[in-house]
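As a plain string of letters, each chain reads:
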Amino acid sequence: MPTIKAALFDLDGVVIDTESQYSHFWGSIGRQYRPDVPDFAERIKGTTLESIYSNWFAHLKDQLPEITRKLNDFELQMEYNYIRGTREFIISLKEEGIHTAIVTASNEEKMQRVLAIHPEFTDLFDYILTSKDYAAGKPAPDCYLKGADIFDASPQDCVVFEDSINGLQAGRQSGAYVVALTTTNPYDAVSPLADLVVNDLSELPLSTLQQQFDHYR
């Protein structure tokens with residue numbers, strides 16, 4: 001029997017290669033609407049759209065419909081390719097009987113676009129949780145606590161896969177074992193918030209993860 005009960009995956013930058021595209025979009029939005037925050041695109045990574053609006057655009061409510069329209073138009077043109085090694089890694093988890101879920105800050109509309117391109121997600125993942133499924137977004141741990149709960153598991157029996165600082169903080173606060181991918185941030189930035197750091201999941205055999213997880217526990 002696997003000692004890892006569930007593997008909880010962030011979406012952007014972990015499963016699909018979209019973070020650089022979002023950096024370009026939100027960098028442009030930041031320069032236009034929040035020029036006072038030069039690292040705007042980095043600060044909002046991993047957070048829900050509702051959180052972005054309430055934390056950064058509360059004084060620009062009249063501009064929100066236009067920003068939303070720009071975001072929707074941008075997401076329709078995005079590429080949703082897999083991060084190297086992720087699909088194969090998830091298949092290996094399923095073969096070993098380990099539960100899998102996407103736990104993302106993305107909204108339901110975005111997820112429906114992704115599912116239209118990747119219908120196989122419904123086979124790869126037992127559950128897909130989006131921003132509608134938890135009250136507080138990352139860096140709050142609610143999303144990963146919910147992810148553990150749907151499998152009737154303790155967070156300590158789960159592994160979280162993340163790339164953003166906000167997401168890693170959420171995973172850490174949940175009490176799960178945290179694997180950081182350096183697809184978005186460098187090693188030095190993510191390593192203090194992770195139990196294990198990899199460039200991508202092509203370099204992480206499941207047997208190695210299981211050994212590291214068992215040793216940590």
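The structure we're discussing is the one just above.
Please read all numbers here as calculations on a predicted model, not as lab measurements.

Calculation rules
- All residue numbers refer to position in the chain's written sequence, counted from 1.
- Owing to the predicted nature of the model, reporting of local features is limited to residues with pLDDT of at least 70; listing and counting of side-chain atom pairs is limited to 80 or more, with chain, interface and lining totals taken over all residues.
- Side-chain metrics in this entry use all non-hydrogen atoms of the structure; hydrogen atoms and water are not considered.
- Only centres within 6.5 Å qualify two rings of Phe, Tyr or Trp (six-membered ring in Trp) as a pair; their planes then separate them into stacked at under 30 degrees, edge-to-face at over 60, and tilted for everything else.
- Elements are defined by DSSP. Helices are runs of H or I of four residues or more, strands are runs of E of two residues or more, and each kind is numbered from the N terminus.
- Each residue is placed in one exposure class: buried if its accessible area under a 1.4 Å probe, protein chains only, is under 20% of its type's maximum, exposed if it is over 50%, and partly exposed if it falls in between.
- At least two DSSP bridges between two strands are needed for those strands to be called paired.

Enquirer: Outline the packing of aromatic side chains, listing residues and values.
Expert: Taken as a whole, this structure holds 15 aromatic pairs when the rule is applied. For the pair Tyr82 and Phe121, a centre-to-centre distance of 6.1 Å together with 55° between the ring planes defines the contact as tilted. With Tyr82 in the loop between helix H4 (64–77) and helix H5 (86–95) and Phe121 in helix H7 (residues 121–124), this pair connects stretches of sequence that are 39 residues apart. Ring geometry for Tyr177 against Phe213: centres 5.6 Å apart, planes inclined by 75°, an arrangement best described as edge-to-face. With Tyr177 in strand E5 (residues 177–181) and Phe213 in helix H11 (residues 206–216), this residue pair connects regions lying 36 residues apart in the sequence. A residue is classified by how much of its surface remains accessible, and Phe213, at 2% relative accessible area, is buried. Among the aromatic residues, those joined into a ring-pair cluster are Tyr22, Phe25, Trp26, Tyr33, Phe40, Tyr53, Trp56, Phe57 and Phe74.

Enquirer: Tell me about the pairing of strand E1 (residues 6–9), residues and numbers included.
Expert: Taking every second residue as pointing to the same face, both faces of E1 are buried, with Ala6 and Leu8 on one and Ala7 and Phe9 on the other. In this structure, E1 lies alongside strand E2 (residues 99–103), joined through four bridges in parallel fashion. Among the inter-strand pairings, Ala6 is bridged to a residue of E2, identified as His99. Sheet topology note: the E1/strand E4 (residues 158–162) ladder contains four bridges and is parallel. Paired with Leu8 across the two strands is Val160, which belongs to E4.

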